[in-house]
Amino acid sequence: MVMHQEKERVLFYPRAWVYVISRDRHRLAEQKLETLQDAQRQGLEVIGTSEDLCGRRCIWRPGLFALIRAVRSRRIDVVVVPRLSQLAVHRQWLGWLLRMFQKHDVTVTTTESELRYDLYRHGLDGVLL
């Protein structure tokens, strides 16, 4: 409750975290730059970035775990990803992440696709309120 009252009294710049994943190192750098630029155009203050260089079925994803730690410690307000499949490809895992973000008052922004359509595509259009 106190956090919301403080936000109302001061000029608030949402703190954002950019996360990308790719199999190709060159594409990873391009995606990260494009996503950073999109976040800045939206007026977000990017305070952290992380990336993972591996395929979709990669088990060890230190970049994603860094994002989760930032969410849980309430250091960010917005997660910026190119599309939701960057976070997880399995519906249950993606749903868990989105609910955890919502529990910590963190919103998700996608830069390459419309968020509502992306949720619909993954069968999660009822997850976010």
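What this report covers is the structure whose coordinates are included nearby. (Residues numbered from 1 in each chain as written. Predicted model: local features only at pLDDT ≥ 70, side-chain atom pairs only at ≥ 80, totals over all residues. Heavy atoms only, no water.)

1. A short note on the overall build of the protein chain
Consideration 1: Scanning the protein chain for helices and strands turns up five helices and four strands.
Consideration 2: Along its sequence from the N terminus, the protein chain presents helices and strands in the succession α-β-α-β-α-β-α-β-α.
Consideration 3: Put simply, the protein chain has 129 residues, and 43% of those count as buried.
Consideration 4: Taking as baseline every contact in the protein chain between residues at least 6 positions apart, the subset at least 24 positions apart corresponds to 73%.
Consideration 5: Carbon and sulfur atoms provide 53% of the accessible area of the protein chain, an area that totals close to 7,900 Å². (Helix = DSSP H or I, 4+ residues; strand = E, 2+ residues; numbered from the N terminus. Buried < 20%, exposed > 50% of the residue type's maximum accessible area, 1.4 Å probe, protein only. Contact = heavy atoms within 4.5 Å. Areas by Shrake-Rupley, 256 points an atom, 1.4 Å probe, with all protein chains shown as cover.)

2. Some details on unusual backbone geometry
Consideration 1: Positioned with a positive phi, arginine 74 is a non-glycine residue whose angle comes to about 60°.
Consideration 2: Despite not being glycine, aspartate 105 shows a phi value in the positive range, around 60°.
Consideration 3: Mapped onto the secondary structure, aspartate 105 falls in the loop between helix H4 (91-103) and strand S4 (107-110).

3. What about the nonpolar core?
Consideration 1: Leu67, Leu87 and Phe101 are the most contacted members of the largest nonpolar core, which has 26 residues in total.
Consideration 2: Sorting the residues of this core by element identifies strand S1 (15-22), helix H3 (62-72), strand S3 (78-81), H4 and helix H5 (115-121) as the ones contributing at least two each.
Consideration 3: Considering each element in turn, this core owes the most residues, six residues, to H3.
Consideration 4: In contact with leucine 87, not counting residues within four places along its chain, are Tyr19, Arg61, Leu64, Leu67, Val81, Trp93, Leu94, Leu97 and Phe101.
Consideration 5: Counting residues in each nonpolar core, the second largest holds six residues, with Ala39, Leu44, Val78 and Val80 among its members. (Core = buried A, V, L, I, M, F, W, Y, C linked by side-chain atoms within 4.5 Å.)

4. Concerning the sheet that holds S1
Consideration 1: One open sheet accounts for four strands, arranged S2-S1-S3-S4; its pairing is parallel. Edge strands, defined here as strands with exactly one partner in the open sheet, are strand S2 (45-53) and S4. Between one strand and the next, the sheet's axes are offset by a mean angle of 20°, whatever the strand orientation.
Consideration 2: Relative to S3, S1 is paired through three bridges, and the arrangement is parallel. Bridging from a neighbouring strand, alanine 16 pairs with valine 78 of S3.
Consideration 3: Lying over the sheet, helix H2 (residues 25-41) contacts S1, S2 and S3, oriented at roughly 160° with respect to S1. (Pairing = 2+ DSSP bridges. Axes fitted to C-alpha atoms, helices over the stretch in contact; angles between N-to-C directions.)

5. As for H4
Consideration 1: A rise of 1.5 Å per residue sets the reference length of H4, with its 13 residues, at 18 Å; its end C-alpha atoms lie 18 Å apart and thus fit the reference within 8%.
Consideration 2: Buried residues of H4: Leu94, Gly95, Leu97, Leu98, Met100 and Phe101, and no others.
Consideration 3: Where H4 is buried, its residues meet H3, S3, S4 and H5.
Consideration 4: A positive phi of about 60° marks aspartate 105, the residue just after H4. (Expected span 1.5 Å × (residues − 1).)

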